[in-house]
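Overview (structure and organization)
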Amino acid sequence: MTSRQVTLFWVVATVAALLLTACNPVFAEPPVPASVPTPGSSCAALNEMAREALDTAPPPPVTARFDAADRKALAGSAFGYLCELTEKVGSRESATKEELEAAAFLMDRFTEFGYSPKMQTFGLWVGASVRRTRNIILELPGRGEGVVILGAHYDTVPDSVGANDNASGIGVLLTLAERLARPPWFDQGASVFPFTLRFIAFGSEETGLDGSLYYVDRLTDAELDDIRVMINLDSVGSGTSLRGQGDRWLTKHVSEAADREGVPFRRKFNERRSDEQSFRYAWLSTLYFSGNDKSRINSPDDTIEFITPALLGDTAVLVLDLLASLEDLQCGCR
Ligand SMILES: [Zn+2]
């Protein structure tokens, strides 16, 4: 900062402090429900606190297509799955038995929702040995051509339960897989979407995008041609707003949808890469959602008390809106 900027900063900070002590705080943007401050609590207690936090969320604007009850239900569901994964499985380091345990947890959930998930298992060099790791892949058939991929990685670095990175993305992925397999989104053996929706839970992202790289590398040219968009969810659970990085025709739409839904959202261009990068290498259109606070990821501090449940519901709303709008968008597909 220049000295002029420093002076300006202190003037603004002082005025803000005076205002805060003189009267009730005025929020520059709608307040977001507080995170859940109960380390070590059971999922049941945490879910109750998340529900209470969500009750304080401001109502969506009149332009919103998803009402407060929809958003609360989506957020509550995603938070519940996040809690289960972090509590029951905990740390799930890439290519370990804990990652396998997490994969089994996900296979069970997807099967309960009515899918036939497949495991894509492959070997990964770790030090001097090859260890097994796996992606989980399932589909919701649509009424037309093409495939849209919705992905999130489920592994963590060692010694981190990865509540934000990336049980948050997995919580939203599970919630959407569950909802979209039921009416009104699914009817007479097919989803309402004019494309097949493919869900992928990637293993071994933390070792260098290995799960998604393996997946993309095994696709034939015809399979690559079928993919219209890859949407990646990684670390969507902490902070006060969402960020989206990817093709302009996608981020532009999501930005407009966020305004309509009253979701705090910003287009970004310099986020750290995640599994969507593997699809970009193949020249596919991608969109990467994350939250604006990634300060604790890849550390033992990435725990559930720093999760903001409302952000999970907001992510689900924006993804649903995008899926429902894709057919009408002017695709900048390459
Ligand atoms: Zn991640």
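In this text the structure is predicted, and so the values were computed from the model without any measurement. (Residues numbered from 1 in each chain as written. Predicted model: local features only at pLDDT ≥ 70, side-chain atom pairs only at ≥ 80, totals over all residues.)

**Quick word on unusual backbone geometry**
- With an omega of 10°, the peptide bond running from D165 to N166 counts as cis.
- Structurally, the position occupied by N166 is in helix 5 (residues 163-180).
- A cis amide bond, omega 5°, links P183 with the succeeding residue P184.
- For D159, which is not glycine, the phi torsion reads 60° and is therefore positive.
- Counting through the fold element by element, D159 comes out in the loop between strand 3 (147-153) and helix 5.
- With a phi close to 50°, Q188 is a non-glycine residue in the positive phi region. (Helix = DSSP H or I, 4+ residues; strand = E, 2+ residues; numbered from the N terminus.)

**Concerning the nonpolar core**
- Counting residues in each nonpolar core, the largest one holds 77 residues, and the members touching the most others are L173 and L318.
- In terms of residue count, the dominant contributor to this core is helix 10 (residues 309-325) (10 residues).
- Among all residues touching L173, those that are not within four sequence positions of it are L150, A152, F199, A201 and L233. (Core = buried A, V, L, I, M, F, W, Y, C linked by C-beta atoms within 7 Å. Buried ≥ 20, exposed ≤ 12 C-beta atoms within 10 Å, placed from the backbone. Contact = placed C-beta atoms within 7 Å.)

All quantities given are derived from atomic positions and should not be read as evidence of function.
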